[in-house]
Amino acid sequence: MASLLVPAPLAREVTAQAQALGVAVMVAGEARDAARCGADGVQVDATAEDVAEARQSIGKDRFVGAFAGASRHFAMEAAEAGADYVAFDQTGASLGGEPIIRWWADMMEIPCVAFTPVDAEALDILLPQKPDFIRPSDAMWQDADQARRIVTALSQRLGTT
């Protein structure tokens, strides 16, 4: 499943079009911004209290995601507070050499996003860690040809073409 994480000011502009194409739209910021534009959810990157507030505000019909950076502690708190997924900076420091994505995938049931953008070559290192979702290279936003090239390369590497 494809999804977009968009800033609140852009959400109203792109949500309907993206959803019509089968793409879920997550708004970076506050739950009320996601609700106003009919987005599928919100991603917060603050405290567990912010996750709990977002969950309460947005309800159970929409998603709440939490950006945890490289913090295992915050990720666990966010999951307990009602996050539907946790996003990690997979290039952050690892504890005892164990990548944070692998640790989460082995220990927790809540899905995780490898949030640091990756290209097709980086999948060889990332996929054995078992992320539930990945974030393509931001270069895909340069133009339509670049987007096609990047998505095609990722799809071929993932074996989804």
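To be clear, the structure that these remarks concern was listed above.
Residues numbered from 1 in each chain as written. Predicted model: local features only at pLDDT ≥ 70, side-chain atom pairs only at ≥ 80, totals over all residues. Heavy atoms only, no water.

A.B. asks: Now, about the nonpolar core: what can you tell me, with residues and values included?
C.D. replies: Grouped together as the largest cluster of nonpolar side chains are 44 residues, with contacts concentrated most on Val 6, Val 27, Val 42, Val 51, Phe 88, Ile 101 and Trp 104. Setting aside anything within four residues of it in sequence, one finds Val 27 in contact with Leu 5, Val 6, Ala 8, Ala 11, Asp 33, Ala 34, Cys 37, Ala 39, Gly 41, Val 42 and Gln 43. If you look at the next biggest cluster of nonpolar residues, it comprises five residues, including Tyr 85, Ala 87, Val 113 and Phe 115. (Core = buried A, V, L, I, M, F, W, Y, C linked by side-chain atoms within 4.5 Å. Buried < 20%, exposed > 50% of the residue type's maximum accessible area, 1.4 Å probe, protein only. Contact = heavy atoms within 4.5 Å.)

A.B. asks: Describe helix 3 (residues 48-58), listing the residues and the values that go with them.
C.D. replies: Taken together, the buried positions of helix 3 are occupied by Ala 48, Val 51, Ala 54, Arg 55 and Ile 58. Seen along its axis, helix 3 keeps its buried residues to an arc of 120 degrees; they face one direction. Away from its buried face by more than 90 degrees, helix 3 exposes Glu 49, Glu 53, Gln 56 and Ser 57. Packed against the buried residues of helix 3 are helix 2 (31-37), strand 3 (41-44), strand 4 (63-69) and helix 4 (72-80). At the C-terminal side of helix 3, Gly 59 shows a positive phi close to 85 degrees. (Helix = DSSP H or I, 4+ residues; strand = E, 2+ residues; numbered from the N terminus. Arc of directions from axis to C-beta.)

A.B. asks: Which residues make up the pattern of salt bridges, and what are the values?
C.D. replies: Scanning the entire structure with this criterion turns up eight salt bridges. Between Arg 36 and Asp 33 there is a salt bridge whose closest N-O contact spans 3.5 Å. Of the two residues, Arg 36 and Asp 33 both sit in helix 2, three residues apart, roughly one turn of that helix. Look at Arg 36 and you get exposed, because its relative accessible area is 54%. The closest approach of N and O atoms between Asp 145 and Arg 148, which form a salt bridge, is 2.8 Å. Residue Asp 145 and its partner Arg 148 are both found in helix 7 (residues 144-158); the two are separated by three residues, about one turn of the helix. (Salt bridge = Lys/Arg side-chain N within 4 Å of Asp/Glu carboxyl O.)

A.B. asks: Give a description of helix 1 (residues 8-20) that names residues and reports values.
C.D. replies: Compared with the 18 Å implied by 1.5 Å per residue over 13 residues, the 19 Å span of helix 1 between its first and last C-alpha is a close match. At Val 14, helix 1 is bent by approximately 55 degrees, the largest bend along its length. Taken as a whole, helix 1 has its buried residues at Ala 11, Val 14, Thr 15 and Ala 18. Buried-residue contacts for helix 1 involve strand 1 (3-7), strand 2 (24-28) and helix 2. (Expected span 1.5 Å × (residues − 1). Bend = angle between axes of the 7 residues up to and from the residue.)

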